[in-house]
Amino acid sequence: MRRTSLATRIAVAAVTVATLSGLGTLTAQADTPAPPAPATAPSSSTPADYPEGDLGTAVKNFLFSPGAVDGANDWNCKPSAEHPEPVVLVHGTFFNLGANWPVLAPKLANEGYCVYAFNYGMNHLSLGRVGGLDHIRDSARTMRTFVDKVLDATGSEQVDVVGHSQGGLLPHYYIEKLGGADKVDEFIGMAPSNHGTDLSGLVSLGRQLNLLGFVNGLLGRTAPGMVDQEVGSDFQRELFGNGDTVPGPEYTVISTKHDRVVTPYRNQQLDGDNVTNLVLQDQCPDNPVGHAGLFNDSPTHQNILNILGPDDPDFRPTCTGYGLPL
């Protein structure tokens, strides 16, 4: 097997997470017209009829609509008695709200939820599109400001939160360190990097070879949010030093056994009386979905709708519409 440097292998792992954005160039060449602007959301929580996107939508949004996605951010939306809490979506590393939520945002809006999403963690390398690069502590402060804006606009006392990858870790800091525990009811993490990732062995290898310090020195100046997500990082020890949860929110973790980014996948799971850990293959054994593919995985979204809605403990999704095996 040809040997590669640690830095190269980390870059390859990063590209795996950013698959949707990487496909953007090919899609842009094959389909030159710009996508239509997101539809204007109705000024209430009445169920709408937004088209649910797909991989092509995610790529187009990454390139042309990084700050908008159908179904999200109608600041006139008023929650209904059936769905009294607005839903805040938190994207993953290397993504933006337009690319991460072209399926779930319209799905939730079509069900009558007031849906909101924001971008975070962008720096001089982001080109206005690549999020999640900065320190998670700073990104959590961005979330605090955004949640307060949502609560002010909707008149709600709490929000529900759904986050993917880093977006499932970041809210912990907001909840547990920045006063968010009283403002979050349900917190759902899709393949969250809760207890850090070993990146399929790369982090451990880097430590063994005494190279991790060098690599982290480079990442610390360009993408410190990646360093924060490494297993055993200072950020991880600070965040979870006193336990995985705090009283108040209900925590749910949705994981796939085929995750090759946040590894081992059991690092995603939480301990606590207010925690539910779901593994997709326990429900649908043939589901091949990988880490990034949760964005368009139907069983994942069915679980989210159940958690936010009836919260039936015996719920089982229909095993169709699997997400990308990436």
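On a predicted model such as this, the values are computed, not experimentally measured, just so you know.

Bringing the overall build of the chain into the picture now. When its secondary structure is counted, the chain shows 14 helices and 6 strands. Within the chain, the fraction of its 326 residues that count as buried is 55%. Relative to all contacts within the chain whose residues are 6 or more apart in sequence, the contacts with residues 24 or more apart total 78%. Here the chain has roughly 13800 Å² of accessible surface; of this, 52% comes from carbon and sulfur atoms.

So, on to the pattern of salt bridges. Applying the stated criterion across every chain yields a total of 6 salt bridges. Asp 148 is paired through a salt bridge with Lys 183; the nearest N and O atoms lie 2.8 Å apart. Placement of the pair is Asp 148 in helix H7 (residues 136-154) and Lys 183 in the loop between helix H8 (166-177) and strand E4 (184-190), with a sequence separation of 35 residues. Taking relative accessible area as the criterion, Asp 148 reaches 28% and is therefore assigned partly exposed.

Attention now goes to the side chain of His 291. Among the secondary structure elements, His 291 is positioned in the loop between helix H13 (280-283) and helix H14 (298-308). Those residues in contact with His 291 that lie beyond four places of it in its chain are His 164, Ser 165, Ala 191, Thr 256, Asp 259, Val 261, Val 262 and Leu 326.

Once that is clear, we can look at the state of the cysteines. Applying the stated criterion across every chain, the model contains 2 disulfides. One disulfide bridge connects Cys 77 with Cys 114, the sulfur atoms lying 2.0 Å from each other. Because the torsion about its S-S bond is -80°, the bridge between Cys 77 and Cys 114 counts as left-handed. Taken as a pair, Cys 77 in the loop between helix H4 (55-64) and strand E1 (87-90) and Cys 114 in the loop between helix H6 (104-110) and strand E2 (115-118) lie far apart in primary sequence, 37 residues in all.

Glancing now at the environment of Asn 96. If you trace the backbone, Asn 96 turns up in the loop between E1 and helix H5 (97-100). Overall, the relative accessible area of 0% leaves Asn 96 in the buried class. Ignoring anything within four residues of it in the chain, the contact list for Asn 96 reads Asn 61, Phe 62, Pro 66, His 91, Asn 119, Met 122 and Arg 129. Within the structure, the side chain of Asn 96 is placed 3.1 Å from the backbone nitrogen of Gly 98, a separation counted as a polar contact. In this structure the side chain of Asn 96 is engaged in a polar contact, spanning 2.9 Å, whose partner is the backbone nitrogen of Ala 99.

Time to look at H14. The buried fraction of H14 amounts to 9 of the 11 residues, a majority that puts the element mostly inside the structure. Of all the residues in H14, the buried ones are Pro 299, Thr 300, His 301, Gln 302, Asn 303, Ile 304, Asn 306, Ile 307 and Leu 308.

All right, on to unusual backbone geometry then. Cis geometry marks the peptide bond from Thr 263 to Pro 264; its omega dihedral reads -15°. Its place among the elements puts Pro 264 in the loop between strand E5 (250-255) and strand E6 (275-279). Positive phi, close to 55°, is recorded for Asp 311, a residue that is not glycine.

Taken as a whole, the largest pocket encloses approximately 350 Å³ of empty space. Taken together, the elements giving at least two residues each to the lining of the largest pocket come down to E5, E6, H13 and H14. Among the elements that take part in the lining of the largest pocket, E6 stands out by supplying 5 residues, more than any other. For the lining of the largest pocket, the per-class residue count stands at 7 nonpolar, 7 polar and 6 charged.

Attention shifts here to the nonpolar core. Grouped together as the largest cluster of nonpolar side chains are 32 residues, with contacts concentrated most on Met 143, Val 159 and Tyr 174. The set of elements that each furnish at least two residues to this core consists of E1, E2, H7, strand E3 (159-164), H8, E4, helix H12 (234-240) and E5. Excluding residues that lie within four positions of it along the chain, Met 143 makes contacts with Val 90, Phe 118, Val 161, Leu 170, Pro 171 and Tyr 174. The next biggest cluster of nonpolar side chains, apart from the first, holds 25 residues, and it includes Ala 105, Leu 294, Ile 304 and Leu 308.

Calculation rules
- Counting restarts for each chain, with residues numbered from 1 along the sequence as it is written.
- Only residues with pLDDT of at least 70 get local features here, since the model is predicted, and only at 80 or more are side-chain atom pairs given and counted; chain-wide, interface and lining totals rely on the full set of residues.
- Only heavy atoms go into the side-chain values, all of them from the structure, while hydrogens and water stay out.
- Numbering of helices and strands starts at the N terminus; helices are DSSP runs of H or I of at least 4 residues and strands are runs of E of at least 2.
- Buried, partly exposed and exposed residues are distinguished by accessible area as a fraction of the type maximum, computed with a 1.4 Å probe on protein chains only: under 20%, between the cut-offs, and over 50%, respectively.
- Should any heavy atoms of two residues lie within 4.5 Å, those residues are considered in contact.
- The method behind every accessible area is Shrake-Rupley, applied with a 1.4 Å probe, and residues are considered shielded solely by the protein chains displayed.
- The salt bridge criterion pairs a side-chain nitrogen of Lys or Arg with a carboxyl oxygen of Asp or Glu, the two atoms within 4 Å.
- Throughout, disulfides are identified as pairs of cysteine sulfur atoms within 2.5 Å of each other.
- Polar contacts, as used here, are pairs of N or O atoms within 3.5 Å; protein pairs need one atom able to donate a hydrogen and one able to accept it. Residues neighboring in sequence count only if both atoms are side-chain atoms.
- Lining residues are those with an atom within 4 Å of a point, where the points come from a 1 Å grid over the protein atoms alone and group into cavities, where a 1.4 Å probe fits but cannot get out, or pockets, open sets with protein on both sides within 12 Å along at least five of seven lines.
- Grid points are joined across faces, edges and corners, and a volume is the space filled by probe spheres set on the points.
- All amino acids are sorted into three groups, where Ala, Val, Leu, Ile, Met, Phe, Trp, Tyr, Cys and Pro are nonpolar, Asp, Glu, Lys and Arg are charged, and the leftover types, Gly among them, are polar.
- By nonpolar core we mean a set of buried residues, namely Ala, Val, Leu, Ile, Met, Phe, Trp, Tyr and Cys, connected to one another through side-chain atoms within 4.5 Å.

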